[in-house]
Amino acid sequence: MTGATGTVYGVGVGPGDPELLTLKALRLIREAPVLAYAAAAGVPSFARSIVESHLEGLQARVEIPMVMPMVAERFPAQEVYDKGAAEIRDHLQAGRDVVVLCEGDPLFYGSFMYLFGRLHGAFPITVVPGVSSVMACAAAAGWPLVARNDAFRVLPATLEDEALRQQIDDAEGLAFMKVGRHLGRLKALLADAGLIDHAVYVERASLPNQRVVPLAALDEDRAPYFSMVLVHRRGGAHVL
Ligand SMILES: C[S@@+](CC[C@H](N)C(=O)[O-])C[C@H]1O[C@@H](n2cnc3c(N)ncnc32)[C@H](O)[C@@H]1O
């Protein structure tokens, strides 16, 4: 800790496998006097579960769970972040560092954004990048994402059909996040674009229950929250 106040560390904990933590993340997590993390109501925090085995045998620390109400889209409840940020502020003002655990990478579609927005400028913030789910899904599927002059787009599957259609046409490589209940609609759009055979579905990448299925062979129209669809116009970036 430097100066009178503590520092906020936004620490990426990777996509699920506890071995996909960086050495820096591991050190900060093990030394943290205060750990903060988001969790859906009634479900253990995914980010905390990733680091759980690394906390064994350590002295107890203060924990700040930011519990989200159960809503279909897991849309962040701003009041939860207001309350979390207020608790974090108290620790920082008392000179204690706070490590915020973030799934994947903190600055890539991460809820850390909401704390960052509330705390930056007032307190020192250090971000430790993490292995993002896009990279983990590509690795799980053995799916070369992009090469040479290929353009790559990351799209939330929650976008409207028309927005998705336009952007699908604009890139060689595509990653669709937040697939969930949009899986059926996404399959139809990719079939229309002639890309259904050039797409792979990845569920819970890097976890023991990981699942990888060619999209064309997938019967379901809904997917769990931790799932993604990867597409390449040529069937893979390695195809010339
Ligand atoms: C709010 S975003 C968080 C992204 C995270 N910050 C990152 O860098 O990967 C959540 C979305 O990431 C994707 N995701 C996260 N972890 C995943 C995993 N282990 N396997 C597949 N998709 C995952 C899913 O598309 C999910 O809907």
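My aim in this report is to walk through the structure given alongside it, one point at a time. (Residues numbered from 1 in each chain as written. Predicted model: local features only at pLDDT ≥ 70, side-chain atom pairs only at ≥ 80, totals over all residues.)

1. Topic: the overall build of the protein
Going by this rule: Strands here are runs of E lasting at least two residues and helices are runs of H or I lasting at least four, both read from the DSSP assignment and numbered beginning at the N terminus. Two things to know: the radius of gyration comes from C-alpha atoms, and the globule rule equals 2.2 Å times the number of residues to the power 0.38. Around each residue's C-beta, the other C-beta atoms within 10 Å are counted; 20 or more make the residue buried, 12 or fewer make it exposed, and counts in between make it partly exposed. All C-beta atoms are placed from the backbone. Throughout, a residue-residue contact means that the two C-beta atoms, derived from backbone geometry, are no farther apart than 7 Å.
Across its full length, the protein carries 7 helices and 10 strands. The C-alpha radius of gyration computed for the protein amounts to 19 Å, which stays within 12% of the reference 18 Å derived for 240 residues, consistent with globular compactness. A principal-axis box enclosing the C-alpha atoms of the protein has dimensions of 60 × 35 × 35 Å. When burial is assessed residue by residue, the protein has 37% of its 240 residues classed as buried. For the protein, the proportion of contacts with a sequence separation of at least 24, taken over those separated by at least 6, is 72%.

2. What to know about the environment of Glu56
Within the fold, Glu56 resides in the loop between helix H2 (46–55) and strand E3 (62–68). Residue classification places Glu56 among the exposed positions, given that 6 C-beta atoms sit within 10 Å. Spatially, the C-alpha atom of Glu56 lies 9.5 Å from that of Arg30, the residues being 26 residues apart in sequence.

3. Comments concerning the site of the ligand
Keep this limit in mind: Nearness rests on one distance test: the residue's C-beta atom, set from the backbone, must lie within 6 Å of the molecule or strand. Residue type decides the class: Asp, Glu, Lys and Arg count as charged, Ala, Val, Leu, Ile, Met, Phe, Trp, Tyr, Cys and Pro as nonpolar, and the leftover types, Gly among them, as polar. Start and end points for every domain follow an automatic or database-based domain assignment.
Of all residues adjacent to the ligand, which total 23 residues, the nearest are Gly104, Ser132, Ser133, Met177 and Ala205. Of all elements in the fold, only helix H5 (133–141) and strand E10 (227–232) reach the threshold of two or more residues within the shell around the ligand. When residues in the shell around the ligand are grouped by element, the largest group, 3 residues, is from H5. For the shell around the ligand, the per-class residue count stands at 12 nonpolar, 7 polar and 4 charged. Each of two domains, domain 1 (8–131) and domain 2 (134–232), supplies a minimum of three residues to the shell around the ligand.

4. Topic: the pairing of E10
In plain terms, the rule: Here, a strand pair is defined by DSSP locating no fewer than two bridges between the strands.
Most of E10 sits out of view: 6 of its 6 residues are buried. The alternating pattern of E10 places Ser227, Val229 and Val231 and Met228, Leu230 and His232 on opposite faces, both of which are buried. Direction of pairing for strand E7 (residues 173–177) relative to E10: antiparallel, over a ladder of 4 bridges. Each residue of the ladder has a partner; that of Phe176, found in E10, is Val229.

5. A closer look at the sheet that holds strand E2 (residues 34–40)
The condition is simple: Axis definition: a line fitted to C-alpha atoms, over the contacting stretch in the case of helices. Angles run 0 to 180 degrees between N-to-C directions.
Within the open sheet, the 5 strands sit side by side as E3-E2-E4-E1-E5. Their pairing is parallel. The open sheet is flanked by E3 and strand E5 (125–128), the only strands paired with a single partner. Strand-to-strand twist across the sheet, computed as the mean angle between neighbouring axes with direction ignored, equals 20°. Relative to E5, strand E1 (residues 8–12) runs parallel, the two sharing 4 bridges. Its bridge partner being in E5, Val11 is matched across the sheet by Val128.

6. As for helix H7 (residues 183–192)
What counts is decided by this rule: Read the arc as the range of directions from the helix axis to the C-beta atoms.
Inspection of H7 places Leu183, Leu186, Lys187 and Leu190 among the buried residues, and these make up the whole buried set. Buried residues in H7, looked at end-on, bunch into an arc of 100°, giving them a common side. Its buried side turned inward, H7 meets E7, strand E8 (199–203) and E10. Gly194 sits one or two positions beyond H7 and adopts a positive phi of about 75°.

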